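# Structural overview for review
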Amino acid sequence: MVAVDETDMFEAERPRLVGIASRVLGDHAEAEDVVQQAWLRLHGTDAEIDSLPAWLTTVTTRLCLDRLRSRTPVPVDDVEPGGTVNDPADDVALADTVGLALHVVLDRLSPRERVAFVLHDSFGFEFPTIAALLDTTPPAARKLASRARAKVAQPHPEDHLADWEVVDAFMAAARNGDFDRLLRLLAPDASVSADDAAVLVGTPRQIEGREEVAAFFNGSAKSALPVFLGERPCSAWFHLGSAKVVFDFVVDDGLVRAITFRAAPDVLSRVVRRDGGRPRG
């Protein structure tokens, strides 16, 4: 009965934990993996847990720190918490202030700056709580967040997302079923259309509105690959090695404004596979 209750409590906490990890790491799939590791840690610990939400927040945050540190040559601390902290996120609506473009900027922050900034500015964590998670003092945690905020407020020219990065981020969110990220990547008046050939193979003729477009792509496009159509970065559904439908994107100021499904033979003949922003060699 205790195990069942613990499982139910963990599943109730999972969406919140994934939300935190997604914003800290900038990757939904990696966030899911981190939260699953937290579940395994919970199963493996003999420690007395006064507050399961607080314990899970601590473990998830420190696992995120480990992931961030693994991207840079910084020593990794043990993620097993010595104790737990009060969890202020219980009554806080999870703010969605960390958009895709901001994740590019976040990559310039140190792991500790990134965690302090995201937890405070996106989730409303108080600095004493952040300090406990980072094994530092509240003034030091405040300074980390302040320093991160200053860096974020001074974007570099290279922080602007290229169109191909927006397209690939959108398709990754579609494959991963990351509905929130799809919404963030779509313009409010986003739409989908299709040429006659694409309609004949089963694509919808028209979809209007950000939420409707996000709902259509959510969890789909698993067989799509990055391509160029002329000079435009697009994606395409492949079957048996051949492109069958091109997803032709219109990207404006970092947002997807329109997607056209194209399957006319003359269009498919111009499809070129790409790796990131370059044609595939």
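Preceding block: the structure.
First things first, this report covers the structure right here in the doc. Just so it is clear, the structure is predicted and the values come from calculations on it, not from any experiment.

Attention shifts here to the overall build of the protein chain. A tally of regular secondary structure across the protein chain gives twelve helices and eight strands. Per-residue burial over the protein chain gives 46% buried out of 281 residues. When the accessible surface of the protein chain is totalled, it reaches about 13,700 Å², and 53% of it is carbon and sulfur.

This brings us to the environment of Leu109. Within the secondary structure, Leu109 sits in the loop between α4 (100-106) and α5 (111-123). A C-alpha to C-alpha distance of 9.7 Å links Leu109 and Arg149, two positions 40 residues apart in sequence. Apart from residues no more than four positions distant in its own chain, Leu109 is found in contact with Arg114, Ala148, Lys151 and Val152.

Attention now moves to the sheet that holds strand β2 (residues 206-208). Pairing between the strands of a sheet is mediated by backbone hydrogen bonds and can be parallel or antiparallel. The strand order β2-β1-β6-β5-β4-β3-β7-β8 describes an open sheet built from eight strands, whose pairing is mixed. With one partner strand each, in any of the chains shown, β2 and β8 (278-279) form the two edges of the open sheet. Of the pairings in the sheet, the one linking strand β5 (residues 242-252) to strand β6 (residues 255-262) comprises seven bridges and is antiparallel in character. Its bridge partner being in β6, Phe249 is matched across the sheet by Ile259. Against the sheet, helix α8 (residues 163-176) engages β1 (186-194), β3 (224-229), β4 (232-239), β5, β6 and β7 (271-275), with an angle of about 120° to β5. Packing against the sheet, helix α11 (residues 210-217) makes contact with β1, β2, β5 and β6, and its axis sits at approximately 60° to β1.

Looking now at the pattern of salt bridges. Scanning the entire structure with this criterion turns up 13 salt bridges. A salt bridge links Arg149 to Asp121; the shortest N-O distance between them is 2.9 Å. Taken as a pair, Arg149 in helix α7 (residues 138-152) and Asp121 in helix α5 lie far apart in primary sequence, 28 residues in all. It is possible to trace a salt-bridge network through shared partners that takes in Glu30, Asp33 and Arg67.

For the rest of this paragraph, the subject is the packing of helix α3 (residues 52-70) against helix α6 (residues 127-134). Where α3 contacts α6, the axes come no closer than 9 Å and their chain directions differ by 60°. Regarding the angle of α3 to α6, the classification is oblique. Here the hand of the crossing between α3 and α6 comes out right-handed. Residues Thr57, Thr58, Thr61, Arg62 and Leu65 of α3 form the contact with α6, whose participating residues are Ala132, Leu133 and Leu134. The residue inventory of the contact of α3 with α6, partitioned by class, reads four nonpolar, three polar and one charged.

For β4 and β5, the ladder comprises five bridges, and the chain directions are antiparallel. Counted as the bridge partner of Ser235 is Phe247 from β5. The antiparallel hairpin formed by β4 and β5 contains two residues in its connecting segment, where Leu240 sits at a positive phi of about 55°. Connecting the antiparallel pair β5 and β6 is a turn made up of two residues, with Asp253 showing a positive phi of about 55°.

Turning to the packing of α3 against α5, a few remarks are in order. Two elements in contact, α3 and α5, have axes separated by 9 Å at closest approach and are oriented at 140°. Between α3 and α5, the interaxial angle falls into the category oblique. You can see that α3 and α5 cross each other, and the crossing is right-handed. Of the residues in α5, those touching α3 at Thr61, Leu65, Leu68 and Arg69 are Pro111, Arg112, Arg114, Val115 and Leu119. A class-by-class count of the residues in the contact of α3 with α5 yields five nonpolar, one polar and three charged.

When we look at a pair of aromatic rings, we describe it by the centre distance and by the angle of the planes. Summed over the entire model, instances satisfying the criterion amount to eight aromatic pairs. On the basis of an interplanar angle of 75° and a centroid distance of 5.6 Å, the ring pair of Phe170 and Phe249 is categorised as edge-to-face. You can see Phe170 sitting in helix α8 and its partner Phe249 sitting in strand β5, a full 79 residues away along the chain. Residue classification places Phe170 among the buried residues on the basis of a relative accessible area of 0%. For Phe249, a relative accessible area of 4% puts it in the buried group.

This part takes up the side chain of Asp178. Secondary-structure assignment places Asp178 in the loop between α8 and α9 (179-185). What Asp178 contacts, discounting residues up to four positions off in sequence, is His28, Ala173 and Asn218.

A separate point is α7. Taking 1.5 Å as the rise per residue, α7 with 15 residues should run 21 Å; its terminal C-alpha atoms sit 21 Å apart, in good agreement. Turning to α7, its buried residues number three or more, namely Ala141, Leu144, Ala145, Ala148 and Val152. Buried residues of α7 fall within an arc of 90° about the axis and therefore sit on the same side. What points out from α7, more than 90 degrees from its buried face, is the exposed set Pro139, Arg142 and Lys143.

Conventions we followed
Residues numbered from 1 in each chain as written. Predicted model: local features only at pLDDT ≥ 70, side-chain atom pairs only at ≥ 80, totals over all residues. Heavy atoms only, no water. Helix = DSSP H or I, 4+ residues; strand = E, 2+ residues; numbered from the N terminus. Buried < 20%, exposed > 50% of the residue type's maximum accessible area, 1.4 Å probe, protein only. Areas by Shrake-Rupley, 256 points an atom, 1.4 Å probe, with all protein chains shown as cover. Contact = heavy atoms within 4.5 Å. Pairing = 2+ DSSP bridges. Axes fitted to C-alpha atoms, helices over the stretch in contact; angles between N-to-C directions. Salt bridge = Lys/Arg side-chain N within 4 Å of Asp/Glu carboxyl O. Parallel < 35°, antiparallel > 145°, perpendicular 65-115°, else oblique. Left-handed = near helix turned anticlockwise from the far one by under 90°. Nonpolar A, V, L, I, M, F, W, Y, C, P; charged D, E, K, R; others polar. Phe/Tyr/Trp six-rings, centres within 6.5 Å; stacked < 30°, edge-to-face > 60°. Expected span 1.5 Å × (residues − 1). Arc of directions from axis to C-beta.

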